[in-house]
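Summary of structural features
Each chain, letter by letter, is given below.
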Amino acid sequence: MTDLLTFSDKAVDSVLKTILQGGLQLIGAPGGCIGLKEESGMTFLVGHVAGVYPERIGMSVSIETGLVGQVFKTGLVQCSANYRHYSHSLMSEDCEDISSAIAVPLTWNGIVHGVMIVSWVEQKHQITAENVAILQQYGQLASIVLGNALTYQRSEYFAFHDTLTGLANRAALKQRMDEELQWGNAQAGACVFIDLDNL
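Quick look at the structure, then. (Residues numbered from 1 in each chain as written. Predicted model: local features only at pLDDT ≥ 70, side-chain atom pairs only at ≥ 80, totals over all residues. Heavy atoms only, no water.)

A full pass over the atoms with the stated rule returns 2 aromatic pairs. A centroid spacing of 6.5 Å and a plane angle of 65° characterise the contact between F44 and F72, whose relative ring orientation is edge-to-face. One end of the pair, F44, is in strand 2 (residues 43-50); the other, F72, is in helix 3 (residues 66-74), with 28 residues separating them in the sequence. Comparing F44 with F72 shows no difference in burial state: the two are buried. Seen in terms of ring centroids, Y157 and F158 are 5.1 Å apart; in terms of plane orientation they differ by 75°. Their pairing is edge-to-face. (Phe/Tyr/Trp six-rings, centres within 6.5 Å; stacked < 30°, edge-to-face > 60°. Helix = DSSP H or I, 4+ residues; strand = E, 2+ residues; numbered from the N terminus. Buried < 20%, exposed > 50% of the residue type's maximum accessible area, 1.4 Å probe, protein only.)

Next comes the structure, spelled out in structure tokens:
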């Protein structure tokens, strides 16, 4: 858990991978996945997978089904010691080998934005109250780290894009021009700025 506290990489992708690895280590789970709600607000995009099912990376899952759906609906940790008989299970071929699973919400500002799922395959795992409590506390800490990374990513984006239109701004143009000049790709030319604010 101290790795997460001292984690300095601000890239969301790296943060997600670190959160998943830490969660699996904490309770000794052999595999799992982690991801965020997509912009549409209707699907969960799997960003990282560990242990099993590497083909799930990039997979979109409805936020209305399975353990993921229950986490988004309730905002609480959800678990199933016998996932094959869980009433909300996704019984697709992608999930047929999962025997037990715990899904942990990743929230900030009171809204679930992502989910970490730790899972066991083939043999059922006895999920204890201690497993759930550990992952719940870890999820709260992970949510803070992930929220910071997402805030950093957003502020970095808006440093070079207009907040209203999303178009590249003057700082982005300057950065791009500096890059071109540095690489020697620029030839003789001129750049004209026209301010349209007060027309």
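Let us now look at the environment of I111. Considering the arrangement of structural elements, one finds I111 in strand 6 (residues 111-121). Separated by 39 residues in sequence, I111 and F72 have C-alpha atoms that sit 8.6 Å apart. Look past the residues within four positions of I111 in its chain and what remains in contact with it is K37 and L106. (Contact = heavy atoms within 4.5 Å.)

For the coordinates displayed, the defined rule picks out 2 salt bridges. Here D178 and K174 are joined by a salt bridge, their closest N and O atoms 2.8 Å apart. Of this pair, D178 and K174 both sit in helix 5 (residues 170-182), 4 residues apart, which is roughly one turn of the helix. Residue class for D178 comes out partly exposed when judged on its relative accessible area of 38%. Relative accessible area serves as the criterion here: at 53%, K174 is assigned to the exposed category. (Salt bridge = Lys/Arg side-chain N within 4 Å of Asp/Glu carboxyl O.)

Before going further, it helps to examine the sheet that holds strand 2. One open sheet holds the 6 strands; their spatial order is 3-2-1-6-5-4, and the pairing between them is antiparallel. With partners counted over all chains shown, the strands left at the sheet margins are strand 3 (60-62) and strand 4 (78-80), one partner each. On average, each strand axis in the sheet is tilted by 25° relative to the strand beside it, whichever way the strands run. Pairing between strand 1 (residues 31-37) and strand 2: 6 bridges, direction antiparallel. Residue pairing for strand 2: L36 is matched across the bridge by L45. Taken strand by strand, helix 2 (residues 12-27) contacts strand 1, strand 2, strand 5 (98-108) and strand 6, and its axis lies near 145° from that of strand 1. (Pairing = 2+ DSSP bridges. Axes fitted to C-alpha atoms, helices over the stretch in contact; angles between N-to-C directions.)

With 7 of 9 residues buried, helix 3 lies mostly within the body of the structure. What helix 3 keeps buried is the set G66, L67, V68, G69, Q70, V71 and F72. Against the buried residues of helix 3 lie strand 1, strand 2, strand 4, strand 5 and strand 6. One or two positions beyond helix 3, positive phi appears at G75, with a value near 75°.

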